[in-house]
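The chain contents come next:
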Amino acid sequence: MPLSNLNPQQREACEAQSGHNLVIASAGTGKTSTIVGRISFLLQNGILPSEILLLTFTNKAATEMLSRLSTRFDTKIVKDIEAGTFHAVAYRYLKAKDSVILKQPRELKVLFKSLYDKRIFLNAQENTPYGANYLYDLFSLYFNATISENFTEWLERKNPQQLEYAEIYLDVWEEFKTLKKEYRYVDYNDLLLNYKASLLENTQSPPFKEVLVDEYQDTNPLQDSILQALNPPSIFCVGDYDQSIYAFNGADISIIGSFKERYIDGRIFSLTKNYRSTEPILNLANRVIERNPRIYPKKLEVIKEQNFGNPALLVYEELFLQYAGIANKIKLSNRPYHEIAVIFRNNSSADGIEASLREIGIPTRRKGGISFFESKEVVYMLNLCTLLFNPKDMMAFIQTLNHAKGIGNALAKDIYEALLLLGCGNLREGILHPNKSIKEPFKRGTQNTQLGLFDDFIEFSNTTRFHTLPIEEGFKNNPILSHPKLTKDGVEFLNALYCFFKLFNAYNKPYELIAKIQMLPIFQIVAQKLAKERSLTKEGVILEEKRLESLEKISRKISLLKDLATHYDDIGRFLNAMILGSSEMSEGEGVHLLSIHASKGLEFSEVYIVDLMDGRFPNKKLIQRGGSLEEERRLFYVAVTRAKENLYLSYAKKDAIKNISYEGSIFLYEAGLLGGHLV
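What you see is a predicted model; the values in this text were computed from it and never measured.

### Describing the packing of aromatic side chains
Counted according to the given criterion, the structure contains 38 aromatic pairs. Taken together, Phe112, Tyr136, Phe139, Tyr142, Phe143, Phe151, Trp154, Trp173 and Phe176 form an aromatic cluster joined through their ring pairs. We note Lys600 situated over the ring of Phe57; from NZ or CZ to the ring centre the distance is 4.6 Å.

Put into structure tokens, the structure is as follows:
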């Protein structure tokens, strides 16, 4: 980015002297150009590319910035700049140093639950303990949201009623931590915690001369502590306090708000020229956001001169009439579908609008609801591939066995440990060629009433009880079949797993592997099970048409996964790409369907913001659980400022199915689209 292409404000920020610099870059003011310009300035002034660290909110943003730099500098120079999200940078560092295995939270929750499920909470009827998944998320929030407070103190502040279980919670977490360490698993929090610990151990000079931080307003205390541990001579932070929308993930708006107090020599720059939105759109956004406290003074100047009309309010009598009405409006629009976005506050809105669009033949591209990579069939297929790449992967094994009828997390973990023992440390060998001298491969439990642990005595059964089943000869006498809790369905599933390991290995190409696995019993058993679950009525009746439709959808998703796999020859690289990049990928082509959080950083010619009803947006339930009206208002501001030319805001007066009546959102009043002037 030649500095001559920047406006005076951007250029002034780019040429700031080394030190502590904060750039307040409101929506559409060219923050990406400014960051790219700053890196250009550093390179032109003798800073080596390896001395620059660029931290972005998404890996896609880092790729775009490096791509822009490549038009100005040699590719070899740009390649030496360390760039990516906090997590991606930490992962590369730790993988090179410790050979860690990154796992998604949904995967590790399965392992965590297998430990949690062995606990008994004696007072559970009077005081309900947290469930396993919620407790995992709670620990995640704790690590991101506080640096100095211990968990018991933090829990007492959050919910004192849960204090009686604090010791059990901590013991489960310690056991979980030990297991993760044993198998070299790390989650996203571990990446940051371990990276920080490694930085603090480093007694040499700071590794980077300047660290640039994009989307600084959504930095959480853990990420900020990493910036402190990096301790660079110069830091260049870019953000907008009005777009701080990740409080639920520990983001702390006071970090950007206290920049000048924490860095006495800090300099604040402001970008005020908006290149994205028309004046009416920006005026509406500002009318609402100005009701939030102003941390740093700013007044935006509209650069775009074309007039596309004022933002329009769409009011519908009923919820699904709203979705159908918007779908028809999009059909009549002259815009290409990829230039249109429907943005929603709550994921429940997405299904209705997607169904209405598809009903009239409009394709959709969905992100921010249930991700393609979170669908059970995709997760399952990736786990099967993981087991070939790393047969010792306990998480992939437990999640795979979860689909077998009668095998829960705890039993799956028992079977995993037994197979590892039978295979002398190799799970694949344990299932294919078990050590026949080991007759009882299952461990017994321990007892500690205080920590909720009790013995689970096992009365082993004879493996011959399953000999009448149609299972492979080589699997019939495997000692794992002696577990008394194994059922016919569980054994048939394990037999399919035996056949899977017999047929494949880690040297198969990802594309070919997925194509072949899709046809095997190990996948078909699960596909049929998922299709049945998705076609059940409330009365428990399977609708055949819906079952076949579900099978077709499963097949389409696996076809998409196969397409993604064509870019990789090596299964390990394919799996890593799917883990690190999955949150930034979306499914399909067409009109964008986006949660507000997923829409951040994007822009569209035509934007529809749906379900602007009091209670739904702002989301009163989340406010009651610790959110705030200010955060909801920032979410509204982010949604509105995605629009470049046309903006439609809509709400429905009633949900006929739930028999709920609605009033328009307070933000519609604050924007001047409803009622009189709000004070």
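### Some points on the pairing of strand 12 (residues 340-344)
With 5 of 5 residues buried, strand 12 is to be regarded as a mostly interior element. Here strand 12 shows a buried face lined by Ile340, Val342 and Phe344 and a second buried face lined by Ala341 and Ile343. In the sheet, strand 12 pairs with strand 15 (residues 604-609) via 4 bridges, with the strands oriented parallel. From the neighbouring strand, Ala341 faces strand 15, where its bridge partner is Val607. In this structure, strand 12 lies alongside strand 14 (residues 591-595), joined through 4 bridges in parallel fashion. Each bridged residue has a counterpart across the sheet, and for Ala341 the counterpart in strand 14 is His592.

### A word on helix 16 (residues 348-359)
Helical geometry note: an α-helix holds 3.6 residues per turn, so side chains three or four residues apart project in the same direction. With 12 residues, helix 16 should reach 16 Å at 1.5 Å per residue; the first-to-last C-alpha distance of 18 Å fits that figure. Every buried residue of helix 16 is accounted for by Ser349, Ala350, Gly352, Ile353, Glu354, Ser356 and Leu357. In the segment just after helix 16, Gly361 is the residue with positive phi, at about 80°.

### Focus: the packing of helix 18 (residues 394-401) against helix 21 (residues 488-503)
Between helix 18 and helix 21, the shortest axis-to-axis distance is 11 Å and the interhelical angle comes to 135°. Here helix 21 runs oblique to helix 18, going by the angle between their axes. Between helix 18 and helix 21, the contacting residues are Phe397, Thr400 and Leu401 on the first element and Phe493, Leu494 and Leu497 on the second. Of the residues in the contact of helix 18 with helix 21, the class split is 5 nonpolar, 1 polar and no charged.

The rules behind each value
- Residues numbered from 1 in each chain as written.
- Predicted model: local features only at pLDDT ≥ 70, side-chain atom pairs only at ≥ 80, totals over all residues.
- Heavy atoms only, no water.
- Phe/Tyr/Trp six-rings, centres within 6.5 Å; stacked < 30°, edge-to-face > 60°.
- Lys NZ or Arg CZ within 6 Å of the ring centre and 35° of its normal.
- Buried < 20%, exposed > 50% of the residue type's maximum accessible area, 1.4 Å probe, protein only.
- Helix = DSSP H or I, 4+ residues; strand = E, 2+ residues; numbered from the N terminus.
- Pairing = 2+ DSSP bridges.
- Expected span 1.5 Å × (residues − 1).
- Axes fitted to C-alpha atoms, helices over the stretch in contact; angles between N-to-C directions.
- Parallel < 35°, antiparallel > 145°, perpendicular 65-115°, else oblique.
- Contact = heavy atoms within 4.5 Å.
- Nonpolar A, V, L, I, M, F, W, Y, C, P; charged D, E, K, R; others polar.

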